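Tertiary structure, described
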Amino acid sequence: MSLVLPGEHVPAQHVNLKLGPGLLQISAASGEPTIIATRAGEVKHSANRNKWWIEGNSRRYVPAPQESVIGVVVARSGENWRVDIGAAHMASLDGLAFEGATKRNRPNLKVGSLLYARVSLAHKDMEPELECFDAQTRKAEGFGELKGGFLVTCSLKMCRMLLDPKHFLFPLLGSRFPLETAVGINGRVWINCKEPRQTIAVARCIEAVDPDGGGMDELALKKFLGTLDV
Amino acid sequence: MRDLSVVYEGLDRVDGSARFGFGSTKSLCSVSGPIEVRPTLENPSQATLDVQIRPLAAIAGTDSKALATTLKSVFTSSLFLSHHPRTLVQIVGQALCGTESGSGLGSAGRGWNASLTASLVNASTAAFLSAGSVPMKGVVCAVAVGRLQPDPSSSATLIMDPEEAELPRLDGSGCFAFTFSAVLPASPLSCHDVPPCALTWTNYTTAGPFDIQEVKRATEFAKKGAQEVWLKLKESVRWLEKSAASPLPSKADVKKDDEETMGEMEVDDEKVEI
């Protein structure tokens, strides 16, 4: 549990060192390159100590390539769609970036549609770009338009927790009623249930387990779920 | 130095927020970024930093706007703004207590004394820590130093973090802001837990004349206070997420202050939202 503040030196050393989010190598006053943390959080590293990163929470998404995000279509510009992914800039999605799309056979998106897409290009000087198919197989693999359902926002750490297959929340809820969810790493979760009160229950549970909103553990959540009448 | 308090507010609609206090001198600050920027403010090589400061009472006047410009330059050097070009990082700072002395205009709640300015800088730093989305080169910690010189022949006494009641008796005061970062050169006297720091900004002003030696003395004196602020911020990272579970200050008189200012704070919540 080694917590650091930004600007503190992190002792990361390895022959094939890879620095993840929150770490940066810059040259110090002495002239030697040092590795400092650029955000507050816990220093974590992989088992063989070649990958290091800072684990912290935030609410604002900064796009990075190969991340799955949930976007809302805001406008159409020619053949492309402008999609809001919660970052500083709108992302651009090519109208043909879907499985099996040709000029004559395009998906019928509207302004306000929800999409589950993958960030294919994220550079600080350019607008981020999205694609709705898997990079290697060129098949949908779950990407594409999300029809119906309800969108909930949460903190970025919560999304990462929900994407972990060992997390308790969705299996616990799924044992009570059937539900369909999509988790975007940009702080958005799409929920689709048969009844509105189930959707509301899922939304409230996500808020309760979110580290920002109190960070309930499994026992407390079970009690909370008991009060929700689902 | 008075009891330091850091509370991570968890305000809605902003990316990070925090309240910092030296005893009962408190400020609240919120940070949002990197967010969309108006084309007129867009900078193609780095993020635009926009600082807005509001006093406890009345609208932001000249002194608040001057303080905003100062804070902009203080924080520009401690953030990696070039990592997010064509975006906006917005800081909104709000004083949570007025000064009884005012800013010489005879009205309470409108001045920015040294302790309040220091608490504002520290609240902004804490808000950046809570936001986590803007990369930081170092942590800016500020502390106020007061000066007492009963007669011109004796040397001036420096006081760390003067209280509101002591302010009218001081001959001078100033806020000293230091940036703590591992990339700065280490001095042999710095303690090992804390990274090296460098003075980023000060507004040390005195009624009578002072020389460079006194400023150096005041800077070294203030450095110790800033190190304590840094240690407090480091400790507060532990409760960064559970905003509801952060420990309340233990001293009874600070608790009383909290209750007294509760009424005022509820009014301020509306002012604080961007």
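Given the structure is predicted, the values throughout are model-derived calculations rather than measurements. (Residues numbered from 1 in each chain as written. Chains lettered and ligands numbered in written order. Predicted model: local features only at pLDDT ≥ 70, side-chain atom pairs only at ≥ 80, totals over all residues. Heavy atoms only, no water.)

Listed per partner, the contact involves 34 residues of chain A and 42 residues of chain B. For the chain A and chain B pair, buried surface summed over both sides reaches about 2900 Å², with 59% attributable to carbon and sulfur atoms. The interface formed by chain A and chain B contains two salt bridges. Its salt-bridge partner being D15(B), residue R60(A) comes within 2.8 Å of it at the nearest N-O pair. (Contact = heavy atoms within 4.5 Å. Buried area = accessible area lost by both parts, 1.4 Å probe. Salt bridge = Lys/Arg side-chain N within 4 Å of Asp/Glu carboxyl O.)

When the UniProt feature table is mapped onto this chain numbering, "domain: Exosome complex exonuclease Rrp40 N-terminal" (unreviewed entry) sits at residues 17–60 of chain A. For residues 17–60 of chain A, the end-to-end C-alpha separation is 27 Å, with 0% helix and 50% strand making up the annotated structure. (UniProt positions renumbered as here; feature names shortened; annotations may be inferred. Helix = DSSP H or I, 4+ residues; strand = E, 2+ residues; numbered from the N terminus.)

With that settled, the discussion passes to the domain arrangement of chain A. All names here are of chain A. Here chain A is partitioned into domain 1 (3–55), domain 2 (68–146) and domain 3 (150–225). A separation of 25 Å is found between the C-alpha centroids of domain 2 and domain 3. Taken together, the contacts link 11 residues of domain 2 with nine residues of domain 3. Here domain 2 meets domain 3 over a buried area of about 760 Å², counting both sides, of which 62% is carbon and sulfur. Applying the counting rule to domain 2 against domain 3 returns one salt bridge. R188 is the salt-bridge partner of D84, the closest N and O atoms lying 3.3 Å from each other. (Domains from an automatic or database assignment.)

Another aspect to go through is the environment of L228(A). Residues and elements named next belong to chain A. Positionally, L228 belongs in the segment after α4 (218–226). Overall, L228 belongs to the buried group, its relative accessible area being 16%. Taking the C-alpha atoms as reference points, L228 and I200, 28 residues apart in sequence, are found 9.2 Å from one another. With near-sequence residues (within four places) excluded, L228 lies in contact with A201, R204 and C205. (Buried < 20%, exposed > 50% of the residue type's maximum accessible area, 1.4 Å probe, protein only.)

Turning to the sheet that holds strand β15 (residues 188–193) of chain A, a few remarks are in order. Residue and element names in this part refer to chain A. Taken in spatial order, the three strands of this open sheet run β13-β15-β14, and their pairing is antiparallel. Unpaired on one side and paired on the other, β13 (150–153) and β14 (179–184) mark the two borders of the sheet. For this sheet the average axis-to-axis angle between neighbouring strands, irrespective of direction, equals 20 degrees. Where β14 meets β15, six bridges bridge the pair, whose relative direction is antiparallel. The residue of β15 that forms the bridge with T181 is I191. Taken strand by strand, helix α1 (residues 156–163) contacts β14 and β15, and its axis lies near 125 degrees from that of β14. (Pairing = 2+ DSSP bridges. Axes fitted to C-alpha atoms, helices over the stretch in contact; angles between N-to-C directions.)

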